[in-house]
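Tertiary structure, described
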Amino acid sequence: QINQQSTGGPGPCYLMVDSTDSLVIATNYSGGSIGVLPINDDGSLGELTDFIQHEGSSINTRRQEKAHAHSVNIDKSNAHAYVCDLGMDKVFVYDIDHANGKLTPSAQGSVDEVAGEGPRHFDFHPSGKYVYVINELGCTITLYNLGADGSLTPVQTVPSLPEGWEGDNTTADIHVSPDGDFVYGSNRGHDSLVIYGIDQATGKMTYIGHQSTLGNEPRNFAITPDGAFLLAENQNSDTIVTFKRESDGTLTATGSVIDVPAPVCIQFMPVGG
């Protein structure tokens, strides 16, 4: 360990490093806030250069009683940060001031999700034209068009659960395949990955199917950088299960199962890292 710094609020749950390796942006779920920290030349973290407190709530009195900033993603231009706030049913759009380590609301400011949906995680399409947001409480995925100015325009919302299925479920993670042809989302309760095909011309989704993660509570999963495999993390059954990605987007278990206590996040080291 080199050092540690406060994120400014309770319950930090997600962070992103900008493409210049100069800033870390972290979201605090319990606090409903965002902290920005500089990265020094030796890799250590400086003290907060910015702190943003979200204020608001939505219709689910148990889960949306206040702001809950759940994730942050930075676009390819390194100019905009997108924060999903589950408690407020909003996706916030911030302009990044790298020189001063500050976030300022974009011209759009934020986009509203349908009340009660609870936006959680977010992923970009490799074309840079679309983004996909998985909604934890509504068990849905929403497609947004991504404007040249970083703005978001909602286009389509689809379910993460099979038609007619009943039971307790929350969604967790979402990833677009490197080729941009498919989007995957995880269900905790149904314990599955939902698979949608993507129309490259419009970004719209067409249902492909569901794949059991062969475990319980798939909080997180990751696709290998070459797109060949998908690794699903089952938090409550202590396993990471590997699937081969087929050409039609479906998944086939390879038989590889790694025992890991309560896995909740997996990242691939960049080539040459």
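Each value, and the rule that gives it
Residues numbered from 1 in each chain as written. Predicted model: local features only at pLDDT ≥ 70, side-chain atom pairs only at ≥ 80, totals over all residues. Heavy atoms only, no water. Helix = DSSP H or I, 4+ residues; strand = E, 2+ residues; numbered from the N terminus. Polar contact = N/O pair within 3.5 Å; in protein donor to acceptor, adjacent residues only side chain to side chain. Contact = heavy atoms within 4.5 Å. Buried < 20%, exposed > 50% of the residue type's maximum accessible area, 1.4 Å probe, protein only. Pairing = 2+ DSSP bridges. Axes fitted to C-alpha atoms, helices over the stretch in contact; angles between N-to-C directions. Salt bridge = Lys/Arg side-chain N within 4 Å of Asp/Glu carboxyl O. Phe/Tyr/Trp six-rings, centres within 6.5 Å; stacked < 30°, edge-to-face > 60°.

Along the chain, Q64 falls in the loop between β4 (50–53) and β5 (69–74). Looking at Q64, its side chain comes within polar contact range of the side chain of D89, at 3.0 Å. Aside from chain neighbours lying at most four places away, what touches Q64 is S57, S58, I59, L86, G87, D89, G116, E117, G118 and L137.

This next bit is on the pairing of strand β2 (residues 23–28). Among the six residues of β2, six are classified as buried, and the element is accordingly described as predominantly covered. Burial along β2 is two-sided: L23, I25 and T27 and V24, A26 and N28, pointing in opposite directions, are all buried. Hairpin remark: strand β1 (residues 12–17) followed by β2, antiparallel, with five residues in the connecting loop; positive phi at D21, about 55°. Across six bridges, β2 lies against strand β3 (residues 33–38) in antiparallel orientation. Bridge pairing in β3 links L23 to P38. The antiparallel pairing of β2 with β3 creates a hairpin that spans four residues between the two strands, and G32 there sits at a positive phi of about 65°.

This part is about the sheet that holds β3. With respect to topology, four strands assemble into an open sheet ordered β1-β2-β3-β4, the strand pairing being antiparallel. Two strands lie at the open edges of the sheet, namely β1 and β4, each paired on one side alone. Strand-to-strand, the axes of this sheet are offset by a mean angle of 15°, without reference to chain direction. Both β3 and β4 contribute to a ladder of four bridges, which runs antiparallel.

Another point: the environment of I266. With respect to the element layout, I266 can be found in the segment after β20 (251–259). Look at I266 and you get buried, because its relative accessible area is 15%. In the structure, I266 is positioned 45 residues away from F221 in sequence and 6.8 Å away in space, judged by C-alpha atoms. Among residues more than four places away in sequence, those in contact with I266 are N220, F221, A222, L231 and E233.

This next bit is on the pairing of strand β17 (residues 218–223). Within a regular strand, side chains alternate between the sheet's two faces. By the criterion of burial, β17 is predominantly enclosed, with five of the six residues buried. Pairing geometry for β17 and strand β18 (residues 229–234), over five bridges, is antiparallel. Residue pairing for β18: A222 is matched across the bridge by L231. Here β17 folds back onto β18 in antiparallel fashion, the turn holding five residues, of which G227 has a positive phi close to 80°.

Let us look at the pattern of salt bridges. Counted under the stated rule, the structure contains five salt bridges. A salt bridge links D112 to K90; the nearest nitrogen and oxygen atoms lie 2.5 Å apart. One end of the pair, D112, is in strand β8 (residues 102–112); the other, K90, is in strand β7 (residues 90–97), and 22 residues separate them in sequence. Taken together, the salt bridges that share partners define one network made up of R63, R120, E136 and R188.

Let us look at the packing of aromatic side chains. The geometry of two aromatic rings is summed up by the distance between their centres and the angle between their planes. Tallying each qualifying case throughout the model produces five aromatic pairs. Counting every residue linked through ring pairs, the aromatic cluster contains Y82, F122 and F124.

Attention now moves to unusual backbone geometry. In this structure, D89 is a non-glycine residue whose phi angle is positive, near 55°. Looking at the secondary structure, you find D89 in the loop between β6 (80–85) and β7. The residue D191 is not glycine, and still its phi comes out positive at about 55°. Turning to its location among the elements, D191 is positioned in the loop between β14 (182–188) and β15 (192–198).

With that settled, consider the sheet that holds β5. Where strands meet in a sheet, backbone hydrogen bonds hold them as pairs that are either parallel or antiparallel. With antiparallel pairing, four strands are arranged side by side in an open sheet as β5-β6-β7-β8. Every interior strand has two partners, whereas the edge strands, β5 and β8, have only one. In this sheet, adjacent strand axes meet at a mean angle of 25° when their direction is disregarded. In this sheet, β6 lies alongside β5 in antiparallel orientation, the contact comprising five bridges.

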